[in-house]
Amino acid sequence: NRHNTGESRMFFVATVDDDVVGWTHLDLPQVDKLRNTARQTVGVVPAYRGQGVGSNLLQRGIEWAGANGYRKMHNKVPAVNEHALAFLEDHGWQTEGIRRKHYTLGDDLVDEVMMAYEID
């Protein structure tokens, strides 16, 4: 857990033979108006995708957040990252909004999809 002014971060990693093969990162704002929401990202090394590593990390982050008083997770994904969008949707995340032409990828302007998960 790394503390900075106004925010804190939590990381969980998945390893195989001492190599990191996946991670989840939670940005935890330390300001009152955002204190119950966290931004979660997940990454998995390509060779280990499709084996449940990302699903387990996503769930681990959500469980940690719920146990520590967070009520909502959110993430921002470029609209062209169909795999990430489908992954989050498959795990109960929903689209909350879209920022039009938010990213510049090469010569293209790409929308940002804002996803969220409500913790019970």
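Reference entry: report on the structure contained in this document. Residue positions are given per chain, counting from 1 as you read along its sequence in written order. Under the rules for a predicted model, residues below a pLDDT of 70 receive no local features and side-chain atom pairs below 80 are neither given nor counted, while totals for whole chains, interfaces and linings still include all residues. The side-chain numbers reported here are obtained from all heavy atoms of the structure, hydrogens and water having been left aside.

**Thoughts on the overall build of the protein chain**
We count a stretch as a helix when DSSP gives it H or I for four or more residues in a row; a strand needs E for two or more, and each element gets its number in order from the N terminus. Helix and strand counts for the protein chain stand at 2 helices and 7 strands. Moving toward the C terminus, one meets the helices and strands of the protein chain in the order β-β-β-β-α-β-α-β-β. All radius of gyration figures rest on C-alpha atoms, and the globule criterion is 2.2 Å times the number of residues raised to 0.38. What you see for the protein chain is a C-alpha radius of gyration of 15 Å, in line with the 14 Å of a compact globule of 120 residues. Taken along the three principal axes of its C-alpha coordinates, the protein chain extends 40 × 40 × 30 Å. Burial status across the protein chain gives 37% buried among its 120 residues. Here, Shrake-Rupley sampling with a 1.4 Å probe gives the accessible areas, and only protein chains in the shown set may cover a residue. Element-wise, carbon and sulfur atoms account for 46% of the exposed surface of the protein chain, whose accessible area totals about 7600 Å². His is not counted here, nor are the chain ends, while Lys and Arg score as positive and Asp and Glu score as negative. One atom stands in for each charge, and that atom is NZ of Lys, CZ of Arg, CG of Asp or CD of Glu. Here the protein chain contributes 13 positive and 17 negative side-chain charges, whose respective centroids are spaced 9 Å apart. Partly exposed residues are those whose accessible area sits between 20% and 50% of the maximum for their type, while under 20% is buried and over 50% is exposed, using a 1.4 Å probe and protein chains only.

**Details of the pattern of salt bridges**
When a carboxyl oxygen of Asp or Glu lies within 4 Å of a side-chain nitrogen of Lys or Arg, that pair is called a salt bridge. The final tally for this structure, using the stated rule, is 5 salt bridges. Between D27 and R9 there is a salt bridge whose closest N-O contact spans 3.3 Å. Note that D27 is positioned in strand β3 (residues 19–29) and R9 in strand β2 (residues 7–16), a separation of 18 residues in sequence. The exposure classification of D27 matches that of R9, with both residues buried. Between R35 and D32 there is a salt bridge whose closest N-O contact spans 3.9 Å. Residue class for D32 comes out exposed when judged on its relative accessible area of 61%.

**Quick look at a nonpolar patch on the surface**
A patch consists of residues exposed above 30% relative accessible area that lack any salt bridge, with like charges linked at up to 9 Å and nonpolar side chains (Val, Leu, Ile, Met, Phe, Trp, Tyr) linked at up to 5 Å. Taken together, V13, V20 and W23 make up a surface patch of nonpolar side chains, about 270 Å² in accessible area. Its place among the elements puts V13 in strand β2.

**A look at the packing of aromatic side chains**
Each aromatic pair joins two rings of Phe, Tyr and Trp (for Trp, the six-membered one) with centres within 6.5 Å, and gets the label stacked for planes under 30 degrees apart, edge-to-face for over 60, and tilted for any other angle. Summed over all chains, the structure comprises 2 aromatic pairs. Look at W64 and Y70: their rings are 6.3 Å apart centre to centre, the planes differ by 25 degrees, and that puts the pair in the stacked class. In this pair, the class of W64 matches that of Y70, namely buried.

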